[in-house]
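Here is what each chain is made of, one letter per residue.
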Amino acid sequence: MSVFLYLVEHDRGRIEETTLGGLSGARQLADAMGARLHSAVIGEGADTAASGAGGYGAERVHLIRHELLTDYGPDAWADSLVQLADSLGAAAVVATGSDRGNEVMAHAGARMDLAMVANCLEIEADGPDWLMTRVRWGGSLHERARLAAPTKLVTLAPHSTEATPVSLPGADTPSDFVPVLDRSATVTMVQDRVTISEGITLATAPVVVSGGRGVGSVEGFAIIEELADLLGGAVGCSRVVTNNGWKNHKFQVGQTGTVVAPDLYIACGISGAIQHWVGMMNAKHVLAINVDGDSPMVTKADWAVIADLHEVVPAISAEIVRRRGLARENS
C-alpha cells in the first residue's frame, strides 16, 4: 500500500485551524486512493504540534529533529521533508496551501525536479495521473489540471476541508527522523519576531465586521469597531478603504489582503467585487448591509438589510447592549 505524507505546518508548536483542515483533507484523499497517511512535524515545538494534530487522520507521525532546525526556514524544512519522503517511498507529499505550505512545497519540488500543484480543491485519480481542480487568480477562476509525476506534490486550498477528528491506533506514538542538513540550508531562517497584535486576529476571528466605501470616512469606522467589539470579533475593510487611507492595509480582506473564514461575516457598505469576495467566501454565514439591493455582496449573502449602515449598525449594537442588560437583570 502506498504512503502519502502530509506536512503539519506549525509555529513553535502552535497549529492553525487551516492546517488541521488540510490534514483532514489529506486523510480523505488517502482513503479515496487506498493509501496510508503519514504526517511530518519539523523542528522546534514538533512534540507540541504532533500532540495538537494527533487524532486528525495520520496513521503515523514523524518528528523531524536536527540541531539546525531551530525555527522555520523554507530550505531546511524542504530538505528535511524530501529526505523523509524518500525514506518512506512516499507516492505523494501534501500540505496546506498557506504561504508557508506553498513555499516549502515549491522548494521541495525544485529539489526533486518535480512539478508542484498549489491550492487544490478536488483531486481524483485517472490511472497513474491525478486530475485536479485548483484555485487560480485569488479564487476568481478554477482550473482543471492533470498531474503526471512519479511523486505527486500538492497543496490543498485553505478552508476547503473542515478539520474532522479521526482516531487511529498508533498516531499517538510518533517516531523520530534525523535528516542530513548542511548549514547552507539555514541561510533563510526566522531569527527574531515582533508581535504586531495579540488576542483575536483578523484571520482567526469567529466574527468579522467589515466596512467598505459606504462607511464614508475614518470617523465612520467607529460604529464598525463598536459592533466588532460587542461581538468579540475583528474589524476588516475593503481595498477602497485602505486606498483612501481610512484603515491600514493589515485590516484589508480580499485577494490582496487577508483571507478569512469566520462563522459570521458582516459586510457594511461593501459592494462585493470579486477581489473582496474571494477573501471571505469561506465564511459560514454572510450578512450584508447596503443601500444597493442589487450589489454583488447583497445577492450572494445569506441575509441582507437594504438600508443605510449608519442607521443599522448602531441599532444592532444598541440591541445587543439592551439584551445583555436584560440578561444581567434576570440572572
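Residues numbered from 1 in each chain as written. Predicted model: local features only at pLDDT ≥ 70, side-chain atom pairs only at ≥ 80, totals over all residues. Heavy atoms only, no water.

Draft legend 1. Here's a closer look at the nonpolar core. In this structure, Phe4, Val41, Leu81, Ile123, Trp130, Met132 and Val154 are the most contacted members of the largest nonpolar core, which totals 60 residues. Top contributing element to this core by residue count: helix α3 (residues 74–88), with seven residues. Beyond its immediate stretch of four places on either side in the chain, Leu81 contacts Leu5, Leu7, Ala40, Ile64, Val93, Val104 and Met105. Val207, Val215, Ile266 and Val312 belong to the second-largest nonpolar core, a separate cluster that totals 22 residues. (Core = buried A, V, L, I, M, F, W, Y, C linked by side-chain atoms within 4.5 Å. Buried < 20%, exposed > 50% of the residue type's maximum accessible area, 1.4 Å probe, protein only. Helix = DSSP H or I, 4+ residues; strand = E, 2+ residues; numbered from the N terminus. Contact = heavy atoms within 4.5 Å.)

Draft legend 2. View of unusual backbone geometry. Its identity is not glycine, yet Arg12 carries a phi of approximately 55 degrees, on the positive side. Relative to the assigned elements, Arg12 resides in the loop between β1 (3–7) and α1 (17–32). The phi angle at Asn119 is positive, at roughly 60 degrees, despite the residue not being glycine. Counting through the fold element by element, Asn119 comes out in strand β5 (residues 116–126).

Draft legend 3. Molecular detail of the pairing of strand β11 (residues 234–237). Neither face of β11 is open: one carries Ala234 and Gly236, the other Val235 and Cys237, and all of them are buried. Note: strand β10 (residues 207–211) against β11, four bridges, orientation parallel. Within the sheet, the bridge partner assigned to Ser210 lies in β11 and is Gly236. (Pairing = 2+ DSSP bridges.)

Draft legend 4. How the structure looks around the packing of α3 against helix α4 (residues 99–112). With their axes 8 Å apart at the nearest point, α3 and α4 run at an angle of 60 degrees to one another. As judged from the angle between their axes, α3 and α4 are oblique. The chirality of how α3 crosses α4 is right-handed. On α4, the residues touching Pro74, Asp75, Trp77, Ala78, Asp79, Leu81, Val82 and Asp86 of α3 are Glu103, Val104, Met105, His107, Ala108, Arg111 and Met112. Here the residues of the contact of α3 with α4 are counted per class, giving nine nonpolar, one polar and five charged. (Axes fitted to C-alpha atoms, helices over the stretch in contact; angles between N-to-C directions. Parallel < 35°, antiparallel > 145°, perpendicular 65-115°, else oblique. Left-handed = near helix turned anticlockwise from the far one by under 90°. Nonpolar A, V, L, I, M, F, W, Y, C, P; charged D, E, K, R; others polar.)

Draft legend 5. Inspection of the side chain of Thr19 at higher detail. Looking at the secondary structure, you find Thr19 in helix α1. Those residues in contact with Thr19 that sit more than four places away from it in its chain are Tyr6, Val8, Glu9 and Thr96.

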